[in-house]
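So you can see what is in the structure, the chains are spelled out below.
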Amino acid sequence: MSKQSILTGIRRGLKRGPLPTDQAAMLLGRMAQHPRHLIPARSRLPHPRQVDLFVRNVEKEFGSVTRVEDMDAVPGAVADYLAAQNLPGSVIMAPHPELRAIPWPARPLLEIREGRAQGSDAVSVQHGFAGIAETGTLMLPSAPERPVTLNLLADTEIVVLRASTIVGAYEEAWDKLRAEVGAMPRNVMLITGPSRSADIEQTLELGAHGPRRLHIVLVDDAAGAIG
Amino acid sequence: MHIATSPAFKENAHAALVNAGLQKALARSGPSFIARRAAAVANLPEFEQLRDTARDIKDHALANLDFYLEAYEAKVLETGGKVHWCADAEEARDAVLAICQAVGARTVTKGKSMIGEEIAINDHLEKHGITPVETDLGEYIIQLRHELPSHIIAPAFHLNMEDWEETFRKAHTDLPADRQFNERRDILIEARNKLRSKFLAADVGITGANFLVAETGSSIIVTNEGNGDLTQTLPRVHIVLASIEKCVPTLEDATSLLRVLARSATGQDFSVYTTFSTGVRRPGDLDGPEEYHVVLIDNGRSAMMGTEFQEMLRCIRCAACMNHCPVYSAVGGHAYGWVYPGPMGSVLTPGLIGVDKAGHLPNASTFCGKCESVCPVRIPLPKLMRHWREREFERHLTPATVRGGLAFWGFFARRPSLYRLATRAAALGLGLLGRRKGRFKSMPLAGGWTGGRDLPAPEGDTFFARYAKAQRAGQVR
């Protein structure tokens, strides 16, 4: 095991032994407090304008957004989007309580299955944990009710996101995660737009290995909550 | 193993300059990288301050690297993962092989990893009957062509559409021979379809890591394709290859570094997929790996600690330095002869394979300083290249002609009045000799220089003389 020799090599370079207890305690304190550094001013906005910035940035990165008034309007928005894209009405959905509470039978042509995605799934519906306005980024932490494969295997990913979960900067999303989930989930994806590659002649093409389309159904639940 | 051709840099560079395909690729792709970074930077007023922040975070992490690595390991263990400490490439290769063999792996998918190239893991796995499949589009074609990447974030930087088509036709013989490749999209779709079944069938997924986070025990990968995520999500075992200097203290530290990474690299505000992986599948999870291994690799890094090259360990592998380098832009990445090209490679490669083999690289620089001016963590790359030149000189690796020339120059440089006298005599003499044509087609002892261009005949006096004259006239102080 080379652990000791590597650590010794580092310490030799730094011209010291293991850190003294007081310094180690200081670094432990820094990790526990995880201080923020400079945060760009662009997302420091009143919440409705953060939501607008989020939408603008998603669209800039080739994602699309439909804004709806409440959860009851989600099935219609999903069905209309799929029809407009000429996609089948069969979707694999995250087994999340908020998604399960949606009145899906209102659109009987939608065939909803719950679980993780398989290679054959064409459309997934995922639950959004948070949106980050700074760059139009979704935060999707893994959990039994939010499988990671839904973000990756389907050609089209639809994310249902409540506007009240949109924050300005990444740091605010980390604090939201720490407050609501606690320990770091196994996997946290920050997703900004659909999959792409510029490996062929440095020219952008959408839809490399992940979803070709990323569509967000944004539920405007924020007005009352923020005031 | 990749045999380093860095000692043959000069020959490589000559060949690169007359390689029409390469020159076409360089002319097309170089300027677009520069323009995209400039646009991203212009769009973020705080960018210069963020570079300072990024530098300071990495310096703090390096100054306490032993502490943070141990803290990181403790968190990985807590979340069900395992850390394999490896002193060199051989230990790292063996560690990866042992993990693969323990689960009876037959195929392994791979996300793009420069440390994977550095330790040449693919060859090692193949030798032991395990098939590695590169899944990043650029790495995929590089693997099909048995080449090294020519760029650290755009492995197939040197290839053109016709190369892609030719390689795909040769490799995918199960597909109809009369299929058409009309546009880039056709290439992309063929690769996507080919690789989808590999993702689903792989026993082990190997990725690199852009950062490791001590606070949480997480490894971070940054991709645009999603291939890295499929690689680390679908197989039963996930192996992370990471060098020791990737470790940063907290999520906030990593976040600040991520703010400058994509902007410096591809000119995106943020990459499409920035993913934090922490340990094994949790109770109730419907997907994710059941084993999570981090192969933590030193391979020469700890020996750089405390030396003038410690600053190189700040590098976050964005490639801005090579995108802006006039030498890289002229000869491409393969001329550098090993895994890391461009200015960062010119500093790192001598440290990893020896200055005796890679001494040409720090010499292949105009010292224009563009690399340092765009480095997101402010590594003084020209200064570090100069240190390598000094080491090369001290170890008597520099050719006798160069040493003789330097000694000759040094003799005068140490005697300023003699230096001024001699240069003034030379300038006036050459001016006189060349006054008719205004230039020289050849010069004794300067054939290497005049072989590619004419030497202009000096006009007027030397800089020193003119400066002194202006001073006397009160024009400068």
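The rules behind each value
Residues numbered from 1 in each chain as written. Chains lettered and ligands numbered in written order. Predicted model: local features only at pLDDT ≥ 70, side-chain atom pairs only at ≥ 80, totals over all residues. Helix = DSSP H or I, 4+ residues; strand = E, 2+ residues; numbered from the N terminus. Buried ≥ 20, exposed ≤ 12 C-beta atoms within 10 Å, placed from the backbone. Contact = placed C-beta atoms within 7 Å. Rg over C-alpha atoms; globule rule 2.2 N^0.38 Å. Domains from an automatic or database assignment. Pairing = 2+ DSSP bridges. Axes fitted to C-alpha atoms, helices over the stretch in contact; angles between N-to-C directions. Core = buried A, V, L, I, M, F, W, Y, C linked by C-beta atoms within 7 Å.

### Re the overall build of chain A
- Of regular secondary structure, chain A possesses 7 helices and 12 strands.
- Burial analysis of chain A (227 residues in total) assigns 49% to the buried set.
- By sequence separation, contacts in chain A at least 24 residues apart represent 75% of the contacts at least 6 residues apart.

### With respect to the overall build of chain B
- Across its full length, chain B holds 23 helices and 12 strands.
- Its C-alpha atoms give chain B a radius of gyration of 26 Å, near enough to 23 Å, the size a compact globule of 477 residues would have.
- Its C-alpha atoms put chain B at 85 × 60 × 45 Å along the principal axes.
- The proportion of buried residues among the 477 residues of chain B is 50%.
- For chain B, restricting intrachain contacts to residue pairs at least 6 apart in sequence, the fraction spanning at least 24 positions comes to 75%.

### Here's the deal with the domain arrangement of chain B
- Here chain B is partitioned into domain 1 (44-302) and domain 2 (418-472).
- When each unit is reduced to the centre of its C-alpha atoms, the spacing between domain 1 of chain B and domain 2 of chain B is 54 Å.

### Observations concerning the domain arrangement of chain A
- For chain A, the assigned domains read domain 1 (1-33) and domain 2 (43-226).
- On a C-alpha basis, the centroid separation for the pair domain 1 of chain A and domain 2 of chain A is 41 Å.

### Digging into the sheet that holds strand 1 (residues 82-86) of chain B
All names here are of chain B.
- Strand order across the open sheet formed by 6 strands is 1-10-7-4-2-3, with parallel pairing between neighbours. Each having just a single partner strand, strand 1 and strand 3 (131-134) make up the two edges of the open sheet. Mean inter-strand twist for the sheet, computed between neighbouring axes without regard to direction, equals 20 degrees.
- Looking at chain direction, strand 2 (residues 107-110) and strand 3 are connected through 4 bridges and run parallel. Its bridge partner lying in strand 3, T107 is registered against T131.

### Re the nonpolar core
- The biggest cluster of nonpolar side chains holds 183 residues, and the ones touching the most others in it are M139 of chain A together with C247, L257, V295, I297 and C321 of chain B.
- No other element matches the 8 residues that helix 12 (residues 251-265) of chain B contributes to this core.
- Apart from residues lying up to four places away in sequence, I297 of chain B is in contact with C86, A92, I115, I119, L241, A242, S243 and I244 of chain B.

### Some thoughts on the pairing of strand 2 of chain B
- In terms of strand pairing, strand 2 of chain B meets strand 4 (residues 204-207) of chain B through 3 bridges, oriented parallel. Across the sheet, the residue bridging to T109 of chain B is G205 of chain B, located in strand 4 of chain B.

### Focus: the sheet that holds strand 1 (residues 64-68) of chain A
All names here are of chain A.
- Taking strand neighbours across the sheet as the criterion, the 6 strands line up as 1-12-7-4-2-3 in an open arrangement whose pairing is parallel. The open sheet has two free edges, formed respectively by strand 1 and strand 3 (111-114), since each of these has just one partner strand. Averaged over all adjacent pairs, the angle separating strand axes in this sheet is 25 degrees, with direction ignored.
- Alignment of strand 7 (residues 156-162) against strand 12 (residues 213-219), held across 7 bridges, turns out to be parallel. Note on strand 12: the bridge partner recorded for T156 is R213.
- Across the sheet, helix 3 (residues 47-60) is in contact with strand 1 and strand 12; its angle to strand 1 comes to roughly 150 degrees.
- Sheet contacts for helix 4 (residues 74-84): strand 1, strand 4 (123-127), strand 7 and strand 12; angle to strand 12, the most-contacted strand, approximately 155 degrees.

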